[in-house]
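# Secondary and tertiary structure notes
Take a look at the letters that make up each chain.
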Amino acid sequence: MKFRKIRKIAVAAAAVFGFIALYKAGKRRRSLWSRQWLLRRSTGRDLAHLVLHELRLLVTLRFLATGETYHNLSYGFRISVPALSQIIPETLEAIYAVLKDDYMKMPQTKEEWVKIANDFHKKWNFPFCLGALDGKHIAIEAKKEYGSYFYNYKCFHSVILLALVDANYRFIYVYVGANGRANDAAVFHESSLCKGIEMNLFDFPEDEAIPGIEGKLPYVMVGDDAFRLGRRIMKPFGQRSTIEQKIFNYRLSRARRVSENAFGLLSNKFQIFQKEINLPLDKVEQVVMAACALHNYIRDEDGFDSASVDNENIQTISITPGSWRQKTFITKLEKSKVNRSCDAGLEIRQRYMEYFNTVGCVPWQWNAVKKFNF
């Protein structure tokens, strides 16, 4: 009995070693190690094909939602790291390509811009507002080749996401990739949005009259102190302000904070933005663009009535005045830009201030200014 077992082991070993020898000699080498019907699983519309596509989407969404590394995902999904490094970027690109035309579309007509402005007036009490403009630092992994190029004033490496947001926390315009050392105003100046505004390419609505105010007011975007005041850009007054100017600052902040809230919703939904992204810069851009498109898709499909949760209860709201954010940085920036402020922008801001302090006032604004010391 024992002899038979030894003989079987010897025969098996001889067969294995013999096969290896033949393989090395090239006598029994095969070009394919899978059956033909298995190789056809990614070319048809069968269940296996559907599962493969759903798995790609699932692992990509998991990557965005949790920020897990490729190594962690490889254990959970049993997909190799090299495969994930190809699958996830391709899927991110596909997500953005599919969603951008319907969910990341820049307004093309006056009517579409007016709809956005009407939403701002109805929900945030700021008339003729085309959107809230702001920037967000996307943290990236520090690399030797970057040096200090992406090192920002918050003491980490980042690229900047510049976004224009509507009254419903949707991204109208997104520009990403500028180095973290730049400020929001510089990024805006380099963006296609700024160039389009300067060349009048966006078909903005004509200036309109507003009750109780002499002359017409243009449609504008609202931003914080980092941006340059102009005909299309409204920013708050400085810290040493009169009570009328503080009222304007509060009303502008009420509209502007939707951009801060949109960034907060994006980061909570896709927690990859709560960590340093360890990817090449072009892949970071793919992550941001796909996440913004998915954010808009979710907003449109699920719906959200901001008015139902923002009745301006002075005891519970949280205000973010523009002059508080980037305080030390903006103080230096403003000194170099006072002389370049557009006269038209100063006049327009003055008329908005007049409107907010007279016929356009809201009952709670005086208490808000006192409570939050604008």
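Structure's up top.
Scope of this entry: the structure provided in the associated data block.

Criteria and cut-off values
Residues numbered from 1 in each chain as written. Predicted model: local features only at pLDDT ≥ 70, side-chain atom pairs only at ≥ 80, totals over all residues. Heavy atoms only, no water. Helix = DSSP H or I, 4+ residues; strand = E, 2+ residues; numbered from the N terminus. Buried < 20%, exposed > 50% of the residue type's maximum accessible area, 1.4 Å probe, protein only. Contact = heavy atoms within 4.5 Å. Areas by Shrake-Rupley, 256 points an atom, 1.4 Å probe, with all protein chains shown as cover. Phe/Tyr/Trp six-rings, centres within 6.5 Å; stacked < 30°, edge-to-face > 60°. Lys NZ or Arg CZ within 6 Å of the ring centre and 35° of its normal. Salt bridge = Lys/Arg side-chain N within 4 Å of Asp/Glu carboxyl O. Core = buried A, V, L, I, M, F, W, Y, C linked by side-chain atoms within 4.5 Å. Expected span 1.5 Å × (residues − 1). Axes fitted to C-alpha atoms, helices over the stretch in contact; angles between N-to-C directions. Parallel < 35°, antiparallel > 145°, perpendicular 65-115°, else oblique. Nonpolar A, V, L, I, M, F, W, Y, C, P; charged D, E, K, R; others polar. Pairing = 2+ DSSP bridges.

### Some points on the overall build of the protein chain
Looking only at helices and strands, one finds 13 helices and seven strands in the protein chain. Relative to its 374 residues, the protein chain shows a buried fraction of 46%. The long-range fraction of contacts in the protein chain, counting pairs at least 24 apart against all pairs at least 6 apart in sequence, stands at 68%. For the protein chain, the computed accessible surface area is about 20900 Å², with 54% contributed by carbon and sulfur atoms.

### Here we look at the packing of aromatic side chains
Using the criterion set out here, one finds 16 aromatic pairs in the structure. Ring centres of Phe202 and Phe204 lie 5.8 Å apart, and the angle between their planes is 40°; this geometry places the pair in the tilted category. Each member of the pair, Phe202 together with Phe204, is buried. Ring-pair connections join several aromatic residues into one group, and the members of that group are Phe126, Phe237, Phe248, Tyr352, Tyr355 and Phe356. Over the ring of Phe237 we find Arg349, and its NZ or CZ is 4.0 Å from the ring centre.

### So, the pattern of salt bridges
All told, the structure shown has 10 salt bridges when counted by the stated rule. Between Lys115 and Asp119 there is a salt bridge, with the nearest N and O atoms lying 3.6 Å from each other. With Lys115 and Asp119 both in helix 6 (residues 110–124) and four residues apart, this pair spans about one turn of that helix. Accessibility expressed as a relative area gives 53% for Lys115, which makes it exposed. Its relative accessible area of 18% is what places Asp119 among the buried residues. Through salt bridges with shared partners, one network takes in Asp134, Arg256 and Glu260.

### As for the nonpolar core
Among the nonpolar cores identified, the biggest contains 94 residues, and Phe171, Leu193, Phe273 and Tyr352 are the most heavily contacted of them. Those residues in contact with Leu193, other than ones at most four positions away along the chain, are Met106, Leu133, Leu164, Tyr173, Phe188, Phe202 and Met221.

### Considerations on the environment of Tyr151
Its location among the elements puts Tyr151 in the loop between strand 1 (129–139) and strand 2 (158–165). For Tyr151, a relative accessible area of 38% translates into the label partly exposed. Once residues within four sequence positions are removed from consideration, Tyr151 is found in contact with Phe156, His157, Gly180 and Arg181.

### Digging into helix 10 (residues 281–302)
In a regular helix each residue adds 1.5 Å, so 22 residues correspond to 32 Å; helix 10 covers 31 Å between its end C-alpha atoms and thus fits that length. Within helix 10, the full set of buried residues consists of Val284, Val287, Val288, Met289, Ala290, Ala291, Cys292, Ala293, Leu294, His295, Asn296 and Arg299.

### Details of the packing of helix 9 (residues 243–269) against helix 13 (residues 365–372)
Between helix 9 and helix 13, the shortest axis-to-axis distance is 10 Å and the interhelical angle comes to 95°. Judged on the interaxial angle alone, helix 13 and helix 9 are roughly perpendicular. Across from Ile243, Lys246, Ile247, Tyr250 and Arg251 in helix 9, the residues of helix 13 making contact are Gln365, Trp366, Ala368 and Val369. Looking at the contact of helix 9 with helix 13 residue by residue, the class counts come to six nonpolar, one polar and two charged.

### Section: the sheet that holds strand 3 (residues 171–179)
Strand order in the open sheet formed by five strands is 3-2-1-6-7, with mixed pairing between adjacent strands. What marks the edges here is a single partner per strand, and that holds for strand 3 and strand 7 (233–234). Note that strand 1 and strand 2 share eight bridges and pair antiparallel. Bridging across to strand 2, Ile138 finds its partner in Val159. Helix 9 rests against strand 1, strand 2, strand 3, strand 6 (220–222) and strand 7 of the sheet, and its axis sits at about 45° to strand 1.

### Quick look at the environment of Phe273
Relative to the helices and strands, Phe273 resides in the loop between helix 9 and helix 10. Residues Phe273 and Thr66, 207 residues apart in the sequence, show an inter-C-alpha distance of 9.1 Å. What Phe273 contacts, discounting residues up to four positions off in sequence, is Ile138, Leu266, Ser267, Val287, Val288 and Ala291.

### Looking at the pairing of strand 3
Where burial is concerned, most of strand 3 is hidden: seven out of the nine residues are buried. Looking at chain direction, strand 2 and strand 3 are connected through seven bridges and run antiparallel. Within strand 3, the position partnered with Val165 by the bridge is Phe171. The hairpin turn running from strand 2 into strand 3, its antiparallel successor, is five residues long, and Tyr169 in that turn takes a positive phi close to 65°.

### Quick look at unusual backbone geometry
A positive phi angle, close to 75°, is found at Cys155, a residue other than glycine. For Cys155, the location among the structural elements is in the loop between strand 1 and strand 2. According to the relative accessible area criterion, Cys155 is exposed, its value standing at 54%. Positive phi, close to 65°, is recorded for Tyr169, a residue that is not glycine. Here Tyr169 is to be found in the loop between strand 2 and strand 3.

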